[in-house]
Structure formats: C-alpha cells, structure tokens
Amino acid sequence: MTSSPTPSSPTPSRPRAEVALPGPAWLALALLTATGLAQAHGEASDVLPPEPGLRLDAAAAVSALHSGTPLPSQRLRGFLLQGDAGTDRNGLALEHGTVGLSGRLNEALGASVALGKHGSDPTHIESAWVQWRHDTPTQSADHRQWWLLTAGRQRPALGTAMGQAGHFDTFGLMPLAKQMALNGDWIDDGLELGWRQEGPQGRFSADLGLWKARVFPGGEGAGPVPSIHLGWAQGPWAIDGWAARFTPTQRGSLVRSHIGHSHAAPECTAQLRQVVCFGGASTVAGASAVWRGAQSALEWPLTLTASGWLRDERGSLESANGLADYQARNRGAWVQGLWAWAPGWETGARLERAWSTQVLQGPGATLIAKETELAAYRPAQRAGAVLAWQIHPKARLSAEWGREQAAGGPSERGTTSYALLRLVVRPPTQARP
C-alpha cells in the first residue's frame, strides 16, 4: 500500500453465495428435517453417512435475548475488524439454521452441501465440498490410520472446542476471543489434507490447509493462505492448536458504519470513501485444552475448557485522510466449566476476555485512529452462566445470564447485562468410525 490515495468504496467483497428463503420457512424446514437425522458441526469430516447413500441433515437455534441496549460485543469497538454494525441479538430470532445433504459414493468418496442462515442475514451456502478418504493398513489391530482430502467450501480444522464455540454451542454468544481473531466462524473456500491415527497412545490428528481467504482477516490479495492444525486426545483430555497466516494487500474496514453484519471484508476500490484499508501480514493462532471428568478415573460429571487466541498484525492503514504504520497484538481467552448435575440437566459458567496492544504511527495516525475507533479501545470482557435442560434427545432448552464490559456500552463503565432464552434442535452427532 502506498501513501498516494487509493480508490475505494464500502462495497462488500464477494460475499458467500446467497439463496432467497424467508426466515419462517427456514425455521420450519430446519425443525421438520432435524428429526431422526445426524448432524456434525465443526470441520468437514464426519457428516458423511458411514455406508453408501444419502443423508439429510438439519439443525436450528432460536433465541430471545434481552439486554435493554445492544451488547458492546455487537461491534467490539477498539479492535480493527470490518467496521460493520454487527448483529443485534435483542428480541426473538432464528439465531442459526442449517439444512444440508450429504452423500457417500463408496468407501473413499463423498460430498456434502449445506445452506445456512443467521437472523435476518440472507441465506448462504455454508458448505459445499467433496472428500476423498484412504485408510492405511497397520500392523497392529489396535491401531487405525487414515488420510482425508477435502476440497471446497468448509470450516478449516481448529479442533472441537474452538470450532464448536459460537456454533450451536452450549453458550449462546460468540466468544469475544473468536470474534476478535476471526470476526466469528471461519468458513472458507480451499483444500485441506488431514491425517488421523488412533491407538493406545490416543487419537492424533494433523491438518494442512490452503485457503482463498477473501473473508476476514483476509481480503484482496490475501490468498492463498496456509493453515495448520495439530490435535491429540486420550481419556479425559483433548488438546488442539492451529495457526494461519494472511497477507492481504487491501483489507477494508468501514468507517462508523451502520451496515449490518457481513462475512466479506469491504473492498478498497473507488476513492477510499468511508473505508480504511489494511495491507500487511496477519498471523492468527489458537490453542485449547478440554478435560472431561466423566471419562476420567474420578468419573466426575464435569467438563472444563480453556482456550487462548492471537491475531498479530503488522502493516499499514490508509484512508482518504492519510497513511500510518500499524502494529497490533490482539489476544483473547476464555475458561468455562459445565456440570451435568442430573440426567438431562447441565449448568455452567464461562469467563472471557479480549485485549490488544496497538501502535499507530504516521502523518494520518490520529485521524485514522478516530475513523477506525481504535482510539476508543478498551479491553472487552464477559461473564456468563447457563442452565440447560435436554428436553428431548434432539432438543435443548437453556437460560443464560451474563454481563459484558467493553467500549461502546451504555454506561461510563461500558457494562451491559443480558438474559437469553434459547432452544436448540440438533440431532446427536454420529461420527464415522
């Protein structure tokens, strides 16, 4: 990016393909097709039927949130994101719905396509991929090893805890750390090679991906983006880590926008009008550890999770008002505990925090800090508690209470309380052996 003004406009760049389908029809379709079907959420690996044939999948989450005013996390001011207004969760709405069709041709080949919808956002193609699997012969009967190659639109492998967070999760809000790092769920077009091994030492997994990266924190010129994921699980423990490196030449952020949530970074074209453009390198990484007490020698009905996230960026920021060098180390984390204290009942709590160290230098630094609202930065944090009741094997009703503190809250302290009532209809996951 040079110091001369670069044409720009706030037009969203290549959003995910959209399909017209009204909200009530979406909800009815998801609820009707959910009965008796299997659905997996996370990486593209185990939604395929175990035998040749077709499987129709569906899931839906309907929520009613009350906070009096929009939650500060709706925009998460003070962090360099896309600058859109985010999604106002207040009121009754379809939080998320998916309907998908998966098919297996034979032991090696399969494919899947799924439509998704969030609130009032347009219906989009959430996933569309083909997969090849190869099982490797082993010398021991208690060892299994196989390879996976998945091509198309999918969720890059992050591990169950990080991939599931904010996506039909027990808690109803997107974690602050995941919002800070990826602007929500990462769904991308690309190719991912996976390796799995199971044996007495546990289950090992490794994934290498290459992505188009037109979604945040990517943008124009960012791809192809490499990613890596490593995981290990045995007994009560599951540990995952992943990393990806984006190098966008022009990633747009809207200036004081009232435009609703978008999964595509705004384009830096035309006259840099109402857009600030980032060019440089963005390294994103995360790690998680999960302990499931029910699978331990203690046999406690307690699950503990800890996760940490990083988005490290170095480059330049340019707007119609100037150019500045930009460095930021954005970090986030959460810890949570879930206690299954009675059959069908679960309660838990989650503590979250996102914070940043940012340096902006140059002749346009002051104006750009105001335009991007980096000048309004303050750490963001959230504390939430949930009580969930499994009213049916395929349906869970939950009540959640919490408090957020971040830039943009209605009080001087930026604190907002909320209450959330939520129904999730989601058939149990049936993973392929």
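Look above for the structure.
Residues numbered from 1 in each chain as written. Predicted model: local features only at pLDDT ≥ 70, side-chain atom pairs only at ≥ 80, totals over all residues. Heavy atoms only, no water.

## Concerning the overall build of the protein chain
Then comes step 1: Along its length, the protein chain carries four helices and 18 strands.
Then comes step 2: Burial statistics for the protein chain: of 433 residues in total, 50% are counted as buried.
Then comes step 3: In the protein chain, the proportion of contacts linking residues at least 24 apart, taken out of those at least 6 apart, comes to 68%.
Then comes step 4: Split by element, the accessible area of the protein chain, about 18600 Å² in all, is 61% carbon and sulfur. (Helix = DSSP H or I, 4+ residues; strand = E, 2+ residues; numbered from the N terminus. Buried < 20%, exposed > 50% of the residue type's maximum accessible area, 1.4 Å probe, protein only. Contact = heavy atoms within 4.5 Å. Areas by Shrake-Rupley, 256 points an atom, 1.4 Å probe, with all protein chains shown as cover.)

## What about the packing of aromatic side chains?
Where two aromatic rings form a pair, the distance of their centres and the angle of their planes describe that pair.
Then comes step 1: Summed over the entire model, instances satisfying the criterion amount to ten aromatic pairs.
Then comes step 2: Relative to Tyr326, the ring of Phe278 has its centre 6.1 Å away and its plane inclined at 85 degrees; by these criteria the two rings are edge-to-face. With Phe278 in strand S12 (residues 275–292) and Tyr326 in strand S14 (residues 322–342), this pair connects stretches of sequence that are 48 residues apart.
Then comes step 3: Exposure remark for Phe278: the relative accessible area of 1% places this residue in the buried category.
Then comes step 4: Three or more aromatic residues joined by ring pairs form one cluster here, namely Trp186, Trp211, Trp242, Phe246, Trp309 and Trp334.
Then comes step 5: Across the ring face of Trp334, the terminal group of Arg350 is positioned such that the distance to the ring centre comes to 5.4 Å. (Phe/Tyr/Trp six-rings, centres within 6.5 Å; stacked < 30°, edge-to-face > 60°. Lys NZ or Arg CZ within 6 Å of the ring centre and 35° of its normal.)

## Side note on the pairing of strand S9 (residues 225–234)
Then comes step 1: For strand S8 (residues 202–211) and S9, the ladder comprises nine bridges, and the chain directions are antiparallel. Looking across to S9, one finds that Asp207 is bridged to His229.
Then comes step 2: Of the strand pairs in this sheet, S9 and strand S10 (residues 237–246) are connected by eight bridges, and their pairing is antiparallel. When the bridges of S10 are listed, Gly231 appears paired with Asp240.
Then comes step 3: With antiparallel pairing between neighbouring strands as the criterion, S9 and S10 make up a hairpin whose turn holds two residues, including Gly235 at a positive phi of roughly 60 degrees. (Pairing = 2+ DSSP bridges.)

## Digging into the side chain of Thr372
Then comes step 1: If you trace the backbone, Thr372 turns up in the loop between helix H4 (365–371) and strand S16 (380–392).
Then comes step 2: Non-local contacts of Thr372, meaning those with residues more than four positions away in its chain, are made with Leu80 and Val276.

## A closer look at the environment of Val276
Then comes step 1: Relative to the elements of secondary structure, Val276 occurs in strand S12.
Then comes step 2: Sequence separation between Val276 and Ser319 is 43 residues, and the spatial gap between their C-alpha atoms is 4.6 Å.
Then comes step 3: Ignoring anything within four residues of it in the chain, the contact list for Val276 reads Arg251, Gly252, Ser253, Val255, Leu317, Glu318, Ser319, Ile368, Glu371 and Thr372.

## Some points on a nonpolar patch on the surface
Then comes step 1: A cluster of nonpolar residues, Leu105, Leu109, Trp132, Trp147, Leu149, Leu191, Leu193, Leu208, Ile228 and Leu230, forms a patch on the protein surface that exposes about 900 Å² of accessible area.
Then comes step 2: Where the nonpolar patch is concerned, the elements lending two or more residues are strand S6 (144–154), strand S7 (188–199) and S9.
Then comes step 3: Relative to the helices and strands, Leu230 is located in strand S9. (Patch = residues over 30% accessible without salt bridge, like charges linked within 9 Å, V, L, I, M, F, W, Y side chains within 5 Å. Salt bridge = Lys/Arg side-chain N within 4 Å of Asp/Glu carboxyl O.)

## Description of the pattern of salt bridges
Then comes step 1: Inspection of the entire model under this criterion finds 20 salt bridges.
Then comes step 2: Of the charged contacts in the structure, one is a salt bridge between Arg422 and Glu95, with a shortest N-O distance of 2.8 Å. Taken as a pair, Arg422 in strand S18 (residues 415–425) and Glu95 in strand S3 (residues 91–104) lie far apart in primary sequence, 327 residues in all. Here Arg422 and Glu95 have matching classes, each one buried.
Then comes step 3: A salt bridge links Lys178 to Asp185; its shortest N-O distance comes to 2.9 Å.
Then comes step 4: For Lys178, a relative accessible area of 1% translates into the label buried.
Then comes step 5: Look at Asp185 and you get buried, because its relative accessible area is 13%.
Then comes step 6: One network of salt bridges, with partners in common, ties together Glu126, Arg155, Lys178 and Asp185.

## A few points about the state of the cysteines
Then comes step 1: Counting across every chain of the model gives one disulfide.
Then comes step 2: Disulfide pairing places Cys268 opposite Cys277 at an S-S distance of 1.8 Å. Taking the sign of the torsion about the S-S bond as the criterion, the disulfide between Cys268 and Cys277, at about -120 degrees, is left-handed.
Then comes step 3: Accessibility expressed as a relative area gives 2% for Cys277, which makes it buried. (Disulfide = S-S within 2.5 Å.)

## Things to note about the pairing of strand S17 (residues 395–405)
Then comes step 1: Here S17 lies mainly inside the structure; eight of its eleven residues are buried.
Then comes step 2: Where S16 lies against S17, ten bridges are found, and the strand directions are antiparallel. By the bridge assignment for S17, Arg382 is matched with Glu404.
Then comes step 3: Here S16 hands over to S17 after two residues, the two strands then running antiparallel side by side.
Then comes step 4: In the sheet, S17 pairs with S18 via eleven bridges, with the strands oriented antiparallel. Within S18, the position partnered with Arg396 by the bridge is Val424.

## Comments concerning unusual backbone geometry
Then comes step 1: Look at the link from Phe216 to Pro217: it is a cis peptide, with omega at 5 degrees.
Then comes step 2: The topology assignment puts Pro217 in the loop between S8 and S9.
Then comes step 3: Even without glycine at this site, Leu76 takes up a positive phi of about 50 degrees.

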